[in-house]
Amino acid sequence: MISAPEDEYSSATTLGREICATARESDAKSVVCGSRGLSGISSYMMGSVSSKIVNSCDTSVIVVRHHDKHK
């Protein structure tokens, strides 16, 4: 399992690249990541690590969407 660094200043692009590089180096069959379901301006401002992973990894990517009990 790959854990994101706890550096609050890491960008989605940096995290996505790191995760894909680690998956490549470890010859992973797939990458599983979560999504908070941000869209529009929120996604643009905060970045989307899952989006970067989906568009950058050479392996299969499974994105699990966050389930909000209050919706």
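Owing to the predicted nature of the structure, the values given are computational and were not obtained by experimental measurement.

Draft legend 1. Just the overall build of the protein chain, in detail. Helix and strand content of the protein chain: three helices and two strands. Counting helices and strands in the order they occur from the N terminus, the protein chain gives α-β-α-α-β. For the protein chain, buried positions account for 18% of its 71 residues. Of the contacts made within the protein chain by residues no fewer than 6 positions apart, 69% connect residues no fewer than 24 positions apart. With an accessible surface of roughly 5800 Å², the protein chain has 50% of that area assigned to carbon and sulfur atoms.

Draft legend 2. Molecular detail of helix α1 (residues 12-25). With 14 residues, α1 should reach 20 Å at 1.5 Å per residue; the first-to-last C-alpha distance of 20 Å fits that figure. Among all positions of α1, only Ala12, Leu15, Gly16, Ile19, Cys20 and Ala23 are buried. Along α1, the residues classed as buried sweep out an arc of 130 degrees about the axis, all on the same side. Along α1, exposed side chains directed more than 90 degrees from the buried face belong to Arg17, Glu18 and Glu25. Positive backbone phi, approximately 55 degrees, marks Asp27, located one or two places after α1.

Calculation criteria
Residues numbered from 1 in each chain as written. Predicted model: local features only at pLDDT ≥ 70, side-chain atom pairs only at ≥ 80, totals over all residues. Heavy atoms only, no water. Helix = DSSP H or I, 4+ residues; strand = E, 2+ residues; numbered from the N terminus. Buried < 20%, exposed > 50% of the residue type's maximum accessible area, 1.4 Å probe, protein only. Contact = heavy atoms within 4.5 Å. Areas by Shrake-Rupley, 256 points an atom, 1.4 Å probe, with all protein chains shown as cover. Expected span 1.5 Å × (residues − 1). Arc of directions from axis to C-beta.

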